[in-house]
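Remarks on the overall topology
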Amino acid sequence: MRRRLDRVGDEFELRFGGKPEVWMRAPGRVDLMGSHTDYNMGHVLTLAIEQDTWIAARPRRDRTVAVYSLNAEGGGPFDLDAIAHDWTAPWTNYVRGVADTLQRAGYRLCGFDGLVHSTVPIGSGLSSSAALEVACALIFVELGGWSIDPVRLAQLCQRAENEFVGMNCGILDQYSSTMGQKGCALLLDCRDLRSEPVPLGEDTRVVICDTRSRRELTGSEYPERRAQCEQGASLLAQFYPGVTALRDVTIDEYLAHEADLPLAVARRCRFIIEENERVLGLAEALSTADRGAICDLTAESYVGARDLFEIGSSEMAAMMDAMRSAPGVIGARQAGAGFGGCMVALVDAPQVSGFARHVEKTYARVTGIKPKVYAMHAAAGAGPLPTVPANRAS
Ligand code: ADP
Ligand code: MG
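Residues numbered from 1 in each chain as written. Chains lettered and ligands numbered in written order. Predicted model: local features only at pLDDT ≥ 70, side-chain atom pairs only at ≥ 80, totals over all residues. Heavy atoms only, no water.

Some details on the domain arrangement of the protein
Put simply, the test is: What counts as a domain boundary in this text is fixed by an automatic or database domain assignment. Residue contacts are defined here by distance: any two heavy atoms, one from each residue, within 4.5 Å place the two residues in contact. Buried area counts how much accessible surface, traced with a 1.4 Å probe, disappears from two parts once they are put together, with both parts' losses summed. For this document, the term salt bridge refers to a Lys or Arg side-chain nitrogen within 4 Å of an Asp or Glu carboxyl oxygen. Here a polar contact means two N or O atoms within 3.5 Å. Within protein one must be a hydrogen donor candidate and the other an acceptor candidate, and residues neighboring in sequence count only if both atoms are side-chain atoms. Segments assigned H or I by DSSP are reported as helices when at least four residues long, segments assigned E as strands when at least two residues long, and all are numbered from the N terminus.
Taken domain by domain, the protein holds domain 1 (2-197 + 379-392) and domain 2 (201-376). Between the C-alpha centres of domain 1 and domain 2 there is a distance of 26 Å. Taken together, the contact between domain 1 and domain 2 spans 32 residues of the former and 39 residues of the latter. Taking both partners together, domain 1 and domain 2 bury about 3000 Å²; carbon and sulfur atoms supply 63% of that area. Along the contact surface separating domain 1 from domain 2 lie 3 salt bridges. In this structure, the connection of domain 1 to domain 2 is made through 17 residue pairs in polar contact (both at pLDDT 80 or more). Mapped onto the side of domain 1 that touches domain 2, the elements with two or more residues apiece are strand 1 (22-33), strand 2 (43-59) and strand 6 (184-189).

See below:
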């Protein structure tokens, strides 16, 4: 922590001269259950993770935001009164998008010099993008001297990613980052945006297993899945008036009209409807420490993701085998949008190091790729960095 603070502070000083005055952090997230259920208005069991994105900043007197990242090339100044995309440093579009969206929503923004640093692996399904958006939004909140409800902030960051960056993600990532609770998963209802804490007992650890691979994608896979789900919901609405999203359809209603749906659409629908039920099942199983149910539900989620939603990959299969055969495993499944990236296991706390060693060895032997394994506790949602004395204002 101290080393990271010093490093970011020193780099800030080198780049801008002088010290940062405000520090904000926003965590990444991992879902324990609920792949692709967010944009179907369903439930997700999610938690904020210890890996996070920091922005160290200092206000400017003009209307310029000058932002750089220790994790990416490029960056530099842009004008808050003429926000355009920058395709030479595409990562800055997340920052520009947040600025543009907040201003369009009527918030008054102040320019700043800022330096970003993240420990969230980038592009691995742990939502480094939302962590960047939320951290940046919090800098604007602090320097603008106003306050905002964290759910509203999450919605505005999602809008920035949807409309400015052009990624049609659901609310899960931004919500988890602003609303995370230390030691708890959140049972999130993506329709009413309410969540309940689900304590993760001291005897269970969340372990993220990064396959460090990505399935070759054209970029159309995510929007295509989303479109298929929306098509399924509108076809089913012909039989069940009032259905506006797959969240509204029960498995029996679906089965009665499965044959009325195109085959691929039917598979996607079935997965989402079952996955949504599994979210509630896993929340219950965690509260009653029912390890058998945790094992079964997570395994079913993986099989559905692979066979029905078709977001698997050979590396994910190898990782699943490695996790499921490791000592101390309680349950294991995919995480994030799938197509490679990170997976997640619930592990008996005293056996975490044996679990990690087994996964590293087994996965590397099968794939030739050295994975990354992170055991963690659920972290608090985004906010000022707590340990910076007086937020380093000097
Ligand atoms: P994920 O959110 O799963 O990590 P995405 O593809 O949604 O993957 O977002 C990754 C993108 O977010 C990166 O390519 C980059 O543009 C941006 N990004 C995230 N974190 C940072 C960071 N610390 N510095 C610069 N860019 C970042
Ligand atoms: Mg993302």
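What about unusual backbone geometry?
Using the following cut-off: A 1.4 Å probe rolled over the protein chains alone gives each residue an accessible area, and that area as a share of the maximum for its type sets the label: buried under 20%, exposed over 50%, partly exposed in between.
Although it is not a glycine, Arg212 adopts a positive phi angle of roughly 50 degrees. Take Arg212: it is sitting in strand 8 (residues 204-214). Overall, Arg212 belongs to the partly exposed group, its relative accessible area being 47%. Its identity as a non-glycine residue notwithstanding, Glu310 has a phi of 55 degrees, on the positive side. Examined against the element boundaries, Glu310 turns out to sit in the loop between helix 9 (291-307) and helix 10 (314-324).

Observations regarding the site of ligand 1
For the record, the criterion: Being near a molecule or strand, for a residue, comes down to having at least one heavy atom within 4 Å of it. The protein chains shown are the only cover counted for residues, whose accessible areas, like all others here, come from Shrake-Rupley with a 1.4 Å probe. Under this grouping Gly is polar, as are all residues other than the nonpolar Ala, Val, Leu, Ile, Met, Phe, Trp, Tyr, Cys and Pro and the charged Asp, Glu, Lys and Arg.
In the region of ligand 1, 17 residues are neighbours, and Ser69, Gly123, Gly125, Ser128 and Ser129 sit closest. Contact between ligand 1 and Ser127: an oxygen atom at 3.5 Å from a main-chain N or O atom of the residue. Between Ser128 and ligand 1, the recorded distance is 2.6 Å, taken from a side-chain N or O atom to an oxygen atom. Its free accessible area being 570 Å², ligand 1 has 80% of it covered by the protein chains. The biggest single contributor to the shell around ligand 1 is helix 3 (residues 128-144), with 3 residues. Taken together, the residues that form the shell around ligand 1 break down as 8 nonpolar, 9 polar and no charged.

Description of empty space enclosed by the protein
Worth spelling out the cut-off: Cavities and pockets are defined on a 1 Å grid built over the protein atoms alone: a cavity is a set of grid points where a 1.4 Å probe fits but cannot escape, while a pocket is an open set with protein on both sides within 12 Å along at least five of seven lines, and lining residues are those with an atom within 4 Å of any such point. Grid points are joined across faces, edges and corners, and a volume is the space filled by probe spheres set on the points.
Per the stated rule, a full pass over the model turns up 1 cavity of 30 Å³ or more. One number sums up the size of the largest cavity: a volume of about 30 Å³. As for the largest cavity, its lining consists of Leu32, Thr298, Gly331, Arg333, Val344, Ala345 and Leu346. Contributions of two or more residues to the lining of the largest cavity are made by strand 9 (329-334) and strand 10 (340-348). Considering each element in turn, the lining of the largest cavity owes the most residues, 3 residues, to strand 10. Within the lining of the largest cavity, the residues separate by chemical class into 4 nonpolar, 2 polar and 1 charged.

As for the sheet that holds strand 8
Basically, it comes down to this: Two strands pair if DSSP finds at least two bridges between them. All axes are obtained by fitting lines to C-alpha atoms, using only the stretch in contact for helices, and the reported angles, taken between N-to-C directions, cover 0 to 180 degrees.
Strand order in this open sheet of 4 strands is 9-10-8-11, and the pairing throughout is antiparallel. Two strands lie at the open edges of the sheet, namely strand 9 and strand 11 (372-376), each paired on one side alone. Adjacent strand axes in the sheet meet at a mean angle of 20 degrees when their direction is disregarded. Relative to the sheet, helix 10 contacts strand 8, strand 9 and strand 10, its axis offset from that of strand 9 by approximately 170 degrees.

Concerning the packing of aromatic side chains
Two aromatic rings, taken as a pair, are described by how far apart their centres are and by the angle between their planes. In plain terms, the rule: We call Phe, Tyr and Trp rings a pair once their centres come within 6.5 Å, taking the six-membered ring for Trp, and we label the pair stacked below 30 degrees between planes, edge-to-face above 60, and tilted otherwise.
In total, this model carries 7 aromatic pairs according to the counting rule given. Judged by centre distance (4.4 Å) and plane angle (25 degrees), the ring pair of Tyr107 and Trp146 falls under stacked. Within this pair, whereas Tyr107 is found in the loop between helix 2 (92-104) and strand 5 (112-118), its partner Trp146 is found in the loop between helix 3 and helix 4 (150-165), the two being separated by 39 residues in sequence. Judged by its relative accessible area of 17%, Trp146 falls in the buried class. Consider the rings of Phe112 and Phe140, whose centres lie 5.2 Å apart with planes at 65 degrees: the pair is edge-to-face. Separated by 28 residues along the polypeptide, Phe112 in strand 5 and Phe140 in helix 3 bring together distant segments of the chain.

With respect to a negative patch on the surface
Condition: Here the term patch refers to residues with relative accessible area over 30% and no salt bridge, with like charges joined within 9 Å and nonpolar side chains (Val, Leu, Ile, Met, Phe, Trp, Tyr) within 5 Å. When charges are counted, Lys and Arg are positive and Asp and Glu negative, with His and the chain ends excluded. By convention, the point assigned to a charge is CZ for Arg, NZ for Lys, CD for Glu and CG for Asp.
Among the surface-exposed residues, Glu284, Asp290, Asp296 and Glu300 lie close enough to one another that they form a single negatively charged patch. Here Asp290 is to be found in the loop between helix 8 (263-287) and helix 9. Relative accessible area serves as the criterion here: at 36%, Asp290 is assigned to the partly exposed category.

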